[in-house]
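So the chains spell out like this:
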Amino acid sequence: MIEIGKYANLEILKEVDFGVYLDGGPFGEILLPKSNVSDSMEVGDEIKVFIYTDSEDRIIATTKTPHATTGEFAYLKAKDVSDFGAFMDWGIHKDLFVPFREQRSTMIIGNSYLVRLYLDDVTDRVVATTKFNPFLEKENDDFEENQEIDIIVADRVPTGFRVVINETHWGMLYKNEIFGTINTGDRKKAFVKQIREDDLIDVSLQKQHYQQQIPDAVQKVLDLFNTSDGFIP
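The notes below deal with the structure included here. Treat the numbers as computed from the prediction; the structure is a model and nothing was measured.

A look at the overall build of the protein
Right, so step 1: Broken down by element type, the protein carries one helix and 15 strands.
Right, so step 2: Taken over C-alpha atoms, the radius of gyration comes to 23 Å for the protein, far larger than the 17 Å a tight globule of 233 residues would show.
Right, so step 3: Across its three principal directions, the C-alpha atoms of the protein cover 65 × 55 × 35 Å.
Right, so step 4: When burial is assessed residue by residue, the protein has 39% of its 233 residues classed as buried.
Right, so step 5: Sequence-distant contacts in the protein: of pairs separated by 6 or more residues, those separated by 24 or more amount to 51%.
Right, so step 6: Carbon together with sulfur atoms contributes 49% to the accessible area of the protein, which is approximately 14,000 Å² in total.
Right, so step 7: Taken together, the 25 basic and 41 acidic charged side chains of the protein have centroids lying 7 Å from each other.

Encoded structure:
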């Protein structure tokens, strides 16, 4: 199934002076512009492309890799702003639009922001937002203490940093538990510290409780012995 804002493997149907047309199924023929066509491509080949809409709302393909697809988070730089919104460097020919109504604070050219991409139901355009609540879940039954997770640092608050857990839930990383430099947009491995009574999730960059770290340390020492003929200098 072909989706705007996602990758697809499409067959080359025919060549034209300005590119090649791909079999877009229900979308009809989709243009891959000449700048994306390599000499090795031939009619009948199936190629991986990213599907989006151009400035005239035509469905188009590219072999370039965007910084993110719909449903994903990305830390992007604002290239331009207007009365309607901001335009972010998306990594492809077209910039990514963040409508003014989807900005928690007014974006400034040259600054980078964490955004979440989605497909606008009205325009069928891929756009982005910094208002994440509608896209993040509140139920956290799938998490347990010390579970390893992926986090994206979303923003700084007085007590530390708000983070997005596994791109599905909010979490909190406290500043008194950070040993090193943390920046907005960073992606890191972390652990669930606790699930609070208000259902919010606290996270840590280290496993909790000294006694729970000992088995990992023991195994590392044993592995080192086993790979060193039973002797460590």
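There's more to say after this.
Quick word on the nonpolar core
As a rule of thumb, soluble globular proteins bury nonpolar side chains together.
Right, so step 1: Counting residues in hydrophobic clusters, the biggest one holds 33 residues, and the most contacted among them are L22, I51 and M88.
Right, so step 2: Looking at this core, the element that brings in the most residues is strand β4 (residues 46-53), giving five residues.
Right, so step 3: Excluding residues within four positions of it along the chain, M88 makes contact with L76, K77, A78, K79, D95, L96, V98, M107 and Y113.
Right, so step 4: If you look at the next biggest cluster of nonpolar residues, it comprises 14 residues, including I151, I165, L173 and I182.

Some remarks on empty space enclosed by the protein
Right, so step 1: The final tally for this structure, using the stated rule, is one cavity of 30 Å³ or more.
Right, so step 2: Looking at the largest cavity, its volume works out to about 40 Å³.
Right, so step 3: If you trace the largest cavity, you find it lined by Y52, T53, W90, K94, D95, L96, F97 and V126.
Right, so step 4: Considered class by class, the residues forming the lining of the largest cavity number five nonpolar, one polar and two charged.

Some remarks on the sheet that holds strand β12 (residues 160-165)
Right, so step 1: Taking strand neighbours around the barrel as the criterion, the five strands line up as β11-β12-β13-β15-β14 in a closed arrangement whose pairing is mixed. The average undirected angle you get between the axes of adjacent strands in this sheet is 55°.
Right, so step 2: Sheet topology note: the β12/strand β13 (residues 169-174) ladder contains six bridges and is antiparallel. Counted as the bridge partner of G160 is Y174 from β13.

What to know about unusual backbone geometry
Right, so step 1: Backbone geometry at D57 places phi at a positive 65°, although glycine is not the residue there.
Right, so step 2: With respect to the helices and strands, the residue D57 is situated in the loop between β4 and β5 (59-62).
Right, so step 3: In this structure D57 comes out as partly exposed when scored by relative accessible area, which is 38%.
Right, so step 4: A positive phi angle, close to 60°, is found at E167, a residue other than glycine.
Right, so step 5: Of note, E167 is situated in the loop between β12 and β13.

Here we look at the environment of D150
Right, so step 1: Here D150 shows up in strand β11 (residues 148-157).
Right, so step 2: Looking at D150, the relative accessible area reads 37%, which means it is partly exposed.
Right, so step 3: Taking C-alpha positions, D150 is 7.1 Å from R187, a pair spaced 37 residues apart along the chain.
Right, so step 4: Here D150 is in contact with V164, I165, N166, K188 and K189, once residues within four sequence places are set aside.
Right, so step 5: Polar contacts involving the side chain of D150 include one to the side chain of K189, which spans 2.8 Å.

A closer look at the packing of aromatic side chains
Right, so step 1: Counted by the stated rule, this structure contains nine aromatic pairs.
Right, so step 2: Summarising the aromatic geometry, the rings of Y7 and F50 are spaced 5.6 Å apart at their centres and angled 65° between planes, so their arrangement reads as edge-to-face. Note that Y7 is positioned in strand β1 (residues 7-16) and F50 in strand β4, a separation of 43 residues in sequence.
Right, so step 3: Overall, Y7 belongs to the partly exposed group, its relative accessible area being 33%.
Right, so step 4: Of the residues examined, F50 reaches a relative accessible area of 0% and is grouped as buried.
Right, so step 5: Ring geometry for Y118 against F135: centres 5.4 Å apart, planes inclined by 35°, an arrangement best described as tilted. In this pair, Y118 sits in strand β9 (residues 112-119) while F135 sits in the loop between β10 (126-129) and β11, placing the two residues 17 residues apart along the sequence.
Right, so step 6: Look at Y118 and you get buried, because its relative accessible area is 13%.

Rules behind the numbers
- Residues numbered from 1 in each chain as written.
- Predicted model: local features only at pLDDT ≥ 70, side-chain atom pairs only at ≥ 80, totals over all residues.
- Heavy atoms only, no water.
- Helix = DSSP H or I, 4+ residues; strand = E, 2+ residues; numbered from the N terminus.
- Rg over C-alpha atoms; globule rule 2.2 N^0.38 Å.
- Buried < 20%, exposed > 50% of the residue type's maximum accessible area, 1.4 Å probe, protein only.
- Contact = heavy atoms within 4.5 Å.
- Areas by Shrake-Rupley, 256 points an atom, 1.4 Å probe, with all protein chains shown as cover.
- Lys, Arg positive; Asp, Glu negative; His and termini not counted.
- Charge placed at Lys NZ, Arg CZ, Asp CG, Glu CD.
- Core = buried A, V, L, I, M, F, W, Y, C linked by side-chain atoms within 4.5 Å.
- 1 Å grid on protein atoms, 1.4 Å probe; cavity = no way out; pocket = protein on both sides within 12 Å on 5 of 7 lines; lining within 4 Å.
- Points joined across faces, edges and corners; volume = space filled by probe spheres on them.
- Nonpolar A, V, L, I, M, F, W, Y, C, P; charged D, E, K, R; others polar.
- Pairing = 2+ DSSP bridges.
- Axes fitted to C-alpha atoms, helices over the stretch in contact; angles between N-to-C directions.
- Polar contact = N/O pair within 3.5 Å; in protein donor to acceptor, adjacent residues only side chain to side chain.
- Phe/Tyr/Trp six-rings, centres within 6.5 Å; stacked < 30°, edge-to-face > 60°.

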